[in-house]
Structure formats: structure tokens, C-alpha cells
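As a plain string of letters, each chain reads:
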Amino acid sequence: FNNWEVSGQVEASGCESISGSQFILTSDTAASASITQSIIQEQNKTYCISFKGNSISSEATQVKFIIRQDSDSDTYIDITNIFDLTSEFKEYSFVYSPSSINCEVIFINLENTLPCELTDIMLNEGELPVAWTQSEEELFTTNIKIDNTGIEVGSNTTDMRSKMTP
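Rules and cut-offs
- Residues numbered from 1 in each chain as written.
- Predicted model: local features only at pLDDT ≥ 70, side-chain atom pairs only at ≥ 80, totals over all residues.
- Heavy atoms only, no water.
- Helix = DSSP H or I, 4+ residues; strand = E, 2+ residues; numbered from the N terminus.
- Polar contact = N/O pair within 3.5 Å; in protein donor to acceptor, adjacent residues only side chain to side chain.
- Buried < 20%, exposed > 50% of the residue type's maximum accessible area, 1.4 Å probe, protein only.
- Pairing = 2+ DSSP bridges.
- Salt bridge = Lys/Arg side-chain N within 4 Å of Asp/Glu carboxyl O.

Draft legend 1. View of the side chain of Q22. Note on placement: Q22 falls in strand β3 (residues 21-26). Only 3.5 Å separates the side chain of Q22 from the side chain of E117, close enough to count as a polar contact.

Below you can see the structure in the form of C-alpha cells.
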């Protein structure tokens, strides 16, 4: 999960989804858990962010989604939505048009809510969600990962991994 910043209790693990990876966000009474990624978008163009998610518990939970936009001052303009997640994995999407080119995508598991799983997070132009695909700058397989941070090679028989950086 390159380029994602985490806050609070967040775990990244493998799963049986298209991307093969997921975030598990667990909040407690004192703090929320979140993942954040900075992105650059065209102003006033329509975008759709989609993901699959569920509550780890048999009870529903909530995840808050925010597009935080830079403004001309020291304040931010937020576009927000709250998704109610059930115990069943479902697809969710949200359409928005940013007024700023510099934005952050933020998912927050709110305080005092049950843990949730998020996977197949995808941002695309237009109003309709599309299935998750790798970025053109990435190559991921079971034992090889190539992206903007370098090349990482692993083994099927041990936990050893080697990384070459640019």
C-alpha cells in the first residue's frame, strides 16, 4: 500500500479481492483510525472513488470518507460522506468534483465504532465506478513488487525480502 499514510490502529494484509490487499481500521474510545493519500486532480472535473468494505463484526459500523482540498488560505474545504458498512463485503462509491487540484483522500474509522476492512480502493474520472486495476507505474505479483520506491523481491520458501531502491 504505497503512498498511503496511516494514523491510529491500521493493519495491511492480504485478502481474496481483486487487489489482493486490504486495510483493517480499528478505532477505540480515544482515537480513530485512518488512511490518507495525497492526490492531484483537475479542478471541477467529475471523479468517482470506489471501494469494497465491511464491518469485521456481525454489527454494522461506519467509515467516513473525506476529500480534503487545499484552499487559497490556511483552511481546507472538505467534501465528506459517511458509509454504513455491514458484515457483508459490499461495493461503495462516491462521486465528487474538486475545486482544488491538490487534495487528500481520507478514510476514517470513527471513534467508538467497530473495526472495518477496506479493499480495492479505486479513483477514476467520471461518474461510474470501475473495477480495481493496478496503476500503470506499478507491478505486483506474489513475490515481486515494482513501483516508484524500487524493486522488492521475495521468496516462496522464506520470509526474506530484498529491496533495490533508485
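Next comes the rest of the account.
Draft legend 2. Region of the structure containing the pairing of strand β4 (residues 33-40). Taking burial as the measure, the eight residues of β4 include six buried ones, the bulk of the element. Where strand β1 (residues 5-7) and β4 come together, three bridges link them in antiparallel fashion. Bridge pairing in β4 links E5 to T36. One ladder, built from eight bridges, connects β4 with strand β9 (residues 102-109); its direction is antiparallel. Note that in β9 the partner of I39 across the bridge is C103.

Draft legend 3. Looking closely at the pattern of salt bridges. A complete count under the given rule lists four salt bridges for this structure. For E42, the salt bridge goes to K45, with nearest N and O atoms at 3.5 Å. Its relative accessible area of 27% is what places K45 among the partly exposed residues. With a shortest N-O distance of 3.5 Å, D120 and K52 are connected by a salt bridge. A residue pair is termed long-range when its members are at least 10 positions apart, and D120 in strand β10 (residues 116-125) and K52 in strand β5 (residues 47-55) qualify at 68 residues. Judged by relative accessible area, D120 falls into the buried class, the value being 7%. The exposure class assigned to K52 is partly exposed, which follows from its relative accessible area of 23%. It is possible to trace a salt-bridge network through shared partners that takes in E42, K45 and E125.

The values are spatial; any link to function lies outside them.
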